[in-house]
Amino acid sequence: MAVEKKYITSEDLKKHNKPGDLWISIQGKVYDVSEWVKRHPGGEVAIANVADAFIAYHPGTAWKNLDPLFTGYHLEDYAVSDVSKDYYRLAAEFSKLGLFDKKGHVAVAALFSLVICNISRCSPRANDWFEKQTRGTVDISCPSWMDWFHGGLQFQLEHHLFPRLPRCQLRKVSLLVQDLCKKQNLPYRSYSFVEANVWTIKTLRAVAVQVRDLANPVPKNMVWEAVHTHG
């Protein structure tokens, strides 16, 4: 006999956002991570703020850790965007080709990208992982012979989208990411080293200006918005 699914809304999910009562949603299923967050290898901040990056930062073997945390609820208003569908297809293709590292990574870089994204945009407009990264990340354009000097990290967007990809694969997948951005009408920023630094400095300056006045009411204070973002 089939078990009838139980549902909660996104608004109900937001009520469980405190220490000791922390729920997250991954692909429409709701998990209680109140205790798990204390021993999460990536730390509490990552699991609380970038839950939608689970697929990007974890190997397939990590899914078994979620099963005991399942609350029995599904997200009522969950829907997979076209952007996410294309992103998942790319990730699945890379996995089949054996391009990913076996281990997961801590989502510190991704969290910083969310902060920059939210500050540089007023308020966060992206609803999925792929779009969040395109709106807050800048690549550095350079010839292939300079890849060694950059350590592969000039492909910041590709690195954030697929953090388990070895650096030597980032240039290869960049064309696929560019095609997906073009298809979904999303920005793909690739600047020179000087231009990228100018963009970063301007963004950090905007952060500094707002930090000087933390008394600004929301939503004017983008620092508050960045710290309290959720996906």
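Only a predicted model underlies this, so the values are computations on that prediction, with no experimental measurement involved.

Trainee: I tried to follow the pairing of strand β3 (residues 21-26) on my own but got confused; where do I start?
Mentor: Two faces, one strand: in a regular strand the side chains alternate between the faces of the sheet. β3 sits mainly inside the fold: five of its six residues count as buried. Of the strand pairs in this sheet, strand β2 (residues 17-18) and β3 are connected by two bridges, and their pairing is antiparallel. The residue of β3 that forms the bridge with Asn 17 is Leu 22. Across four bridges, the pairing between β3 and strand β4 (residues 29-32) is antiparallel. In the sheet register, Ile 26 faces β4, and the bridge partner there is Lys 29. Two successive antiparallel strands, β3 and β4, enclose a turn made up of two residues, where Gln 27 displays a positive phi of approximately 50 degrees.

Trainee: Looking at this structure, how should I read the nonpolar core?
Mentor: One recurring pattern in soluble globular proteins: nonpolar side chains tend to sit buried together. Tyr 87, Phe 130, Leu 161, Phe 162 and Val 177 are the most contacted members of the largest nonpolar core, which totals 20 residues. Sorting the residues of this core by element identifies α3 (54-57), α4 (82-96), α6 (129-136), α8 (156-161) and α9 (167-183) as the ones contributing at least two each. If sequence neighbours within four positions are ignored, Leu 161 has contacts with Ala 56, Tyr 87, Trp 129, Phe 130, Gln 133 and Val 177. If you look at the next biggest cluster of nonpolar residues, it comprises ten residues, including Leu 22, Ile 24, Tyr 31 and Leu 66.

Trainee: Can you walk me through the pairing of β4 in this structure?
Mentor: Sheet topology places β4 next to strand β5 (residues 70-75); two bridges connect them, and they run antiparallel. Across the sheet, Tyr 31 pairs through a bridge with Phe 70, a residue of β5.

Trainee: Looking at this structure, how should I read the sheet that holds β4?
Mentor: Two pairing modes exist for strands in a sheet, parallel and antiparallel, and in both the strands are linked by backbone hydrogen bonds. With mixed pairing, five strands are arranged side by side in an open sheet as β1-β5-β4-β3-β2. Where the open sheet ends on each side, the last strands, each with one partner, are β1 (6-8) and β2. Here β1 runs beside β5; their pairing, made up of three bridges, is parallel. The partner of Lys 6 across the bridge, within β5, is Tyr 73.

Cut-offs and rules
- Residues numbered from 1 in each chain as written.
- Predicted model: local features only at pLDDT ≥ 70, side-chain atom pairs only at ≥ 80, totals over all residues.
- Heavy atoms only, no water.
- Buried < 20%, exposed > 50% of the residue type's maximum accessible area, 1.4 Å probe, protein only.
- Helix = DSSP H or I, 4+ residues; strand = E, 2+ residues; numbered from the N terminus.
- Pairing = 2+ DSSP bridges.
- Core = buried A, V, L, I, M, F, W, Y, C linked by side-chain atoms within 4.5 Å.
- Contact = heavy atoms within 4.5 Å.

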